[in-house]
Amino acid sequence: MGLLRALVEAAGADYRQWKALTRVMLKADTRSTAFGGAQAGAAKEGGSGVARFGTMALMYGFFGLLLAPTVWTLADPFLSATVVYTAVLLMVGSTILMEFQSVVIVPDDYGILAFRPVSSTTYFLVKLTNVVIYTSTLAILLAAASVVTLGVLHGVVVAGAALVGLLGLSLATALGLIALYGAVLHWVPAHRLERMLSYLQLVTSLGFFAFIFLGQELYTSPAVAALDVEPSGWTLLHPATWYAGLPALAAGQGGAFVIGGLLLGAVALVGLFRVSTRHLSLSYAHRLAARSEAPRERPKAPAAGALPRRGARAWSWMSPEFRAVARLIRAQFRFDTRFRLGVLSVLPLSVLYLVMGLEDGRLPDPFTGSALQAAGALNLLHIAALLMPTMLMMNVGYSESAPAGWVYFATPCRAPRLLRHARMVVMMAFLVPYLAILGGLLAWFFGVWWHGVIHVLVLGLVANGALQFAQLLHPVLPFSQSPQKMQQSGRFFGTFIIMIVPLGLLGVLMAFGYRSPTGILATLGGLLVANVLGELAVSSKVSRRMEGLEFTG
Amino acid sequence: MIETRALTKRFGDTTAVDALDLRVEPGEILGFLGPNGAGKSTTVKMLTGMLQPTSGTALVAGFDVVTHPLEAKRRLGLVPESGAVYETLTGREYLEMVADLHHMDPDRAAKRIRDLLGLFDLHDAQDQRLKGYSKGMRQKVLITAALLHNPEVLFFDEPLNGIDANAAMVVKDLLRELATKGKTILFCSHVLEVVERICTRIVVIAGGRRIAEGTAADIAARAGTATLEEAFAQLTGVRDTGDVTRDFLAALE
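Treat the numbers as computed from the prediction; the structure is a model and nothing was measured. (Residues numbered from 1 in each chain as written. Chains lettered and ligands numbered in written order. Predicted model: local features only at pLDDT ≥ 70, side-chain atom pairs only at ≥ 80, totals over all residues. Heavy atoms only, no water.)

Draft legend 1. Summary view of the sheet that holds strand S6 (residues 76-79) of chain B. All names here are of chain B. One open sheet accounts for 6 strands, arranged S6-S7-S8-S3-S9-S10; its pairing is mixed. Across the chains shown, the open sheet's two edge strands, defined by having one partner strand only, are S6 and strand S10 (209-214). Taking each pair of neighbouring strands and ignoring which way they run, the sheet shows an average axis angle of 15°. Where strand S3 (residues 29-33) meets strand S8 (residues 184-188), 4 bridges bridge the pair, whose relative direction is parallel. Paired with Gly 31 across the bridge in S8 is Phe 187. Contacts between helix H6 (residues 165-180) and the sheet are confined to S3, strand S7 (153-157) and S8, with S8 contributing the most and set at about 150° to the helix. (Pairing = 2+ DSSP bridges. Helix = DSSP H or I, 4+ residues; strand = E, 2+ residues; numbered from the N terminus. Axes fitted to C-alpha atoms, helices over the stretch in contact; angles between N-to-C directions. Contact = heavy atoms within 4.5 Å.)

Rendered as structure tokens:
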């Protein structure tokens with residue numbers, strides 16, 4: 001405790017306030033229900049924050065188990081630590097991008113703390129502690145099996161050093177992204193912040209996933225594979241190697257580059273901490289709060305008898321529930337930072353997969369060539385088509401304005417219809433345009449236009465099935481649940497795993513259904529029937545779930 | 001008409017509403033009073049279909065809220081205590097959404113929205129997002145939303161929260177006029193003077209049970225006090241306010 005107090009006070013924060021606020025934040029996280037907010041009925045299934053974290057722990061632990069055999073095979077402490085740390089870097093980075101950017105940049109607690117005698121440094125340190133507790137735990141879960149393996153191979157000291165290096169890397173990753181957001185908050189004028197944050201989210205996500213992509217390319221290229229990866233000047237370009245030097249040093253693999261890497265790692269930690277502290281404080285929360293308080297638009301009052309706006313008229317032919325949901329989703333996407341950032345954090349991955357899928361400049365026609373080859377080449381495009389709408393569908397249930405969900409309970413709307421229309425809006429606004437572009441590209445690449453059209457039809461039906469499944473799994477009324485920490489990344493990684501099923505199905509359909517006109521008709525017919533059955537299943541499940549549903553917000 | 005028969009709601013071991021019998025006739029404004037945690041909002045939530053009763057019956061406009069929820073909800077309007085709205089929508093968009101949820105004809109809804117917002121002086125702000133509205137402006141939007149479909153039964157849970165004096169006068173007059181047109185109104189408020197002035201009858205509850213009923217004068221007379229405020233304090237077991245103030249100040253010493 002004495003050491004912790006000394007550390008907190010050395011950072012310039014008030015220890016007692018830091019302790020009190022950190023404790024409260026963690027209590028709030030563990031007490032909040034995963035699906036709290038408007039739908040108490042759902043809360044029973046969602047469980048507590050502890051249960052939610054337990055699920056995440058299992059998932060990260062499972063990913064971690066997959067890394068351990070690589071460590072065992074590589075044996076070399078530096079190389080194996082670099083591989084594990086790279087995975088940690090990617091996982092922690094993704095989690096912060098999807099999850100904690102909102103914790104860092106949205107001043108939820110500003111209204112509670114702004115008028116109290118809390119310094120900016122203490123405020124920052126509390127926020128940082130909260131992020132670090134989560135990211136460090138996830139990093140440990142992800143690397144636990146690998147650290148144990150290193151311990152078995154090289155002894156307890158190496159395992160201990162690997163653990164310290166791991167925490168250093170995790171902290172540096174968190175600080176790096178916080179510093180980036182903090183810098184944006186510092187330099188961008190208040191009235192442009194909201195838009196700028198969206199662009200930043202897009203760019204950082206794109207950059208981050210491009211980094212993953214380039215990393216994959218680099219490590220799988222024959223030239224790099226032929227290299228004996230020893231600590232050297234070029235390995236220092238990769239931050240994970242800085243911290244991988246620690247277990248290497250403990251195993252007796254010292255050297256100038258290892259020491260240099262460790263120094264770089266230490267400098268990065270100190271430097272990023274200083275930059276973050278400078279840029280993220282109560283005064284920045286104040287800037288954000290001022291941004292959210294200030295009325296952004298003062299449109300002129302419409303003239304008497306003026307026609308309703310185009311958007312409103314465009315939906316006039318749709319059902320009332322559709323119009324209500326579409327209006328809400330559109331407004332949330334435009335103005336709810338959390339929702340938009342949640343969607344934008346997934347969008348770059350979809351674009352990247354689209355680009356990666358097309359990178360060779362040619363795509364095999366699944367109707368004429370080998371189905372296996374086609375599946376290999378098209379899988380990334382398929383993931384992009386399935387992942388984005390599914391994630392979006394899951395995000396549609398969550399909003400800071402969840403208490404306003406009372407309106408669904410006190411009006412004569414039918415919950416199953418609202419849910420179905422929410423899915424339709426997602427399909428029409430996001431999936432259909434994506435599939436239209438993809439259809440054009442595929443028709444061009446395949447050289448036979450109707451091959452492209454049919455494949456996109458099949459993909460659309462499978463994607464609709466995936467959306468139905470997402471709703472079957474977790475039916476929630478639009479924006480009726482308060483968002484909770486670790487939900488977005490949990491859903492993302494969970495969806496990624498579940499994606500194996502529709503991808504496998506597409507492979508099977510291409511192998512057996514695309515071989516003859518009858519097969520194609522049977523494929524389309526079968527998928528249509530499956531979609532209809534899915535619709536019935538969703539409708540029945542939602543009706544049952546909504547029966548006796550209560551509003552507790 | 002609003003009617004509850006032995007309406008009960010339990011949360012675990014806690015009984016929030018305990019076998020409550022209530023009846024509000026068309027043309028009546030029932031003042032629904034009680035101290036914090038008495039069960040007022042829980043009762044309103046059960047009557048509007050937001051909470052399921054543990055037992056008993058809740059009828060709105062003759063329809064059982066549990067067995068015929070949509071029929072009941074078509075005939076009710078609610079201003080909730082929370083005042084929660086989707087802040088990303090503009091005032092007009094929010095009202096359009098509510099109109100859609102009530103299946104109102106879009107043209108008719110647009111005209112009514114324009115008219116009602118004008119009456120509340122919100123015409124100029126109708127295309128601003130609700131996030132930028134003051135608390136009072138939001139409350140006006142919620143009152144408009146509750147009236148939009150011209151319901152038979154109205155539930156007003158602290159409707160004057162944050163509303164300025166002029167708008168409050170409009171709302172009070174409006175409630176009286178609505179009652180004369182045969183609407184059934186349940187009015188919850190902690191502001192006893194307002195309740196006393198506009199409600200035709202008052203029900204006081206505490207611990208989820210009805211403890212007094214009648215006009216303000218009846219209740220005060222039965223409690224042996226001069227005012228409704230004093231009767232309320234006596235009925236709901238509040239200590240002498242002078243004693244409480246003195247104890248507070250002593251605790252700060």
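Now that the structure has been shown, the text picks up again.
Draft legend 2. Structural context of unusual backbone geometry. Residue and element names in this part refer to chain B. The phi torsion at Ala 6 lies on the positive side, around 50°, for a residue other than glycine. Its place among the elements puts Ala 6 in strand S1 (residues 2-11). Ala 6 sits in the partly exposed class, given a relative accessible area of 36%. Residues other than glycine seldom take positive phi values, yet Asp 121 does so here, at roughly 60°. Checked against the element boundaries, Asp 121 lands in the loop between helix H4 (106-119) and helix H5 (135-147). (Buried < 20%, exposed > 50% of the residue type's maximum accessible area, 1.4 Å probe, protein only.)

Draft legend 3. The sheet that holds S1(B), seen in detail. All names here are of chain B. Spatially, the 4 strands line up as an open sheet ordered S2-S1-S4-S5, and their pairing is antiparallel. A single partner strand is all that each edge strand has here, and the edge strands are strand S2 (14-24) and strand S5 (63-64). As paired strands, strand S4 (residues 55-60) and S5 are joined by 2 bridges and run antiparallel to one another. Counterpart to Leu 59 in the pairing with S5 is Asp 64. Here helix H1 (residues 40-47) sits on the sheet in contact with S1, S2 and S4, set at roughly 115° to S1.

Draft legend 4. View of the environment of A:Tyr353. Residue and element names in this part refer to chain A. Relative to the helices and strands, Tyr 353 is located in helix H17 (residues 347-357). Spatially, the C-alpha atoms of Tyr 353 and Leu 177 are 23 Å apart, while their sequence positions differ by 176 residues. The residues touching Tyr 353, leaving out its near neighbours within four places in the chain, are Leu 380, Leu 381, Ile 383, Ala 384 and Phe 496.

Draft legend 5. Inspection of a nonpolar patch on the surface at higher detail. Residues and elements named next belong to chain A. Taken together, the side chains of Trp 72, Val 148, Val 152 and Leu 153 present a nonpolar region at the surface, about 410 Å² in accessible area. Ranked by residues supplied to the nonpolar patch, first place goes to helix H7 (residues 120-154) with 3 residues. Looking at where Val 148 falls in the secondary structure, it is placed in helix H7. For Val 148, a relative accessible area of 54% gives the class exposed. (Patch = residues over 30% accessible without salt bridge, like charges linked within 9 Å, V, L, I, M, F, W, Y side chains within 5 Å. Areas by Shrake-Rupley, 256 points an atom, 1.4 Å probe, with all protein chains shown as cover. Salt bridge = Lys/Arg side-chain N within 4 Å of Asp/Glu carboxyl O.)

Draft legend 6. How the structure looks around a positive patch on the surface. Taken together, A:Arg16, A:Lys19, A:Arg23 and A:Lys27 make up a surface patch of like positive charges. By relative accessible area, A:Arg23 is classed as partly exposed at 45%. (Lys, Arg positive; Asp, Glu negative; His and termini not counted. Charge placed at Lys NZ, Arg CZ, Asp CG, Glu CD.)

Draft legend 7. Region of the structure containing the interface of chain B and chain A. Across the boundary between the two partners, chain B contributes 40 residues, which contact 41 residues of chain A. Carbon and sulfur atoms make up 57% of the area that chain B and chain A hide from each other, which totals about 3,900 Å². Summed over the shared surface of chain B and chain A, the result is 5 salt bridges. With a shortest N-O distance of 3.3 Å, B:Glu96 and A:Arg327 are connected by a salt bridge. Those elements that provide at least two residues to the side of chain B that touches chain A are helix H2 (69-74), S6 and helix H3 (91-101) of chain B. The leading source of residues in the side of chain B that touches chain A is H3(B), at 8 residues. Counted by class, the side of chain B that touches chain A contains 17 nonpolar, 10 polar and 13 charged residues. (Buried area = accessible area lost by both parts, 1.4 Å probe. Nonpolar A, V, L, I, M, F, W, Y, C, P; charged D, E, K, R; others polar.)

Draft legend 8. Focus on the pattern of salt bridges. One pass over the structure, following the stated rule, counts 25 salt bridges over all chains. As a salt-bridge pair, A:Arg5 and A:Glu9 come within 3.3 Å of each other at their nearest N and O atoms. Placement of the pair is A:Arg5 and A:Glu9 together in helix H1 (residues 2-10), with a separation of 4 residues, close to one helical turn. Given a relative accessible area of 42%, A:Arg5 falls into the partly exposed group. Its relative accessible area of 42% is what places A:Glu9 among the partly exposed residues. We note a salt bridge from B:Asp100 to A:Arg323, for which the minimum N-O separation is 2.7 Å. You can see B:Asp100 sitting in helix H3 and its partner A:Arg323 sitting in helix H15 (residues 320-335), one on each of two chains. Like A:Arg323, B:Asp100 is buried. The structure contains a network of salt bridges with shared partners spanning A:Arg323, A:Arg327, B:Arg92, B:Glu96, B:Asp100 and B:Asp127.

Scope: geometric values only; no functional claims are made or implied.
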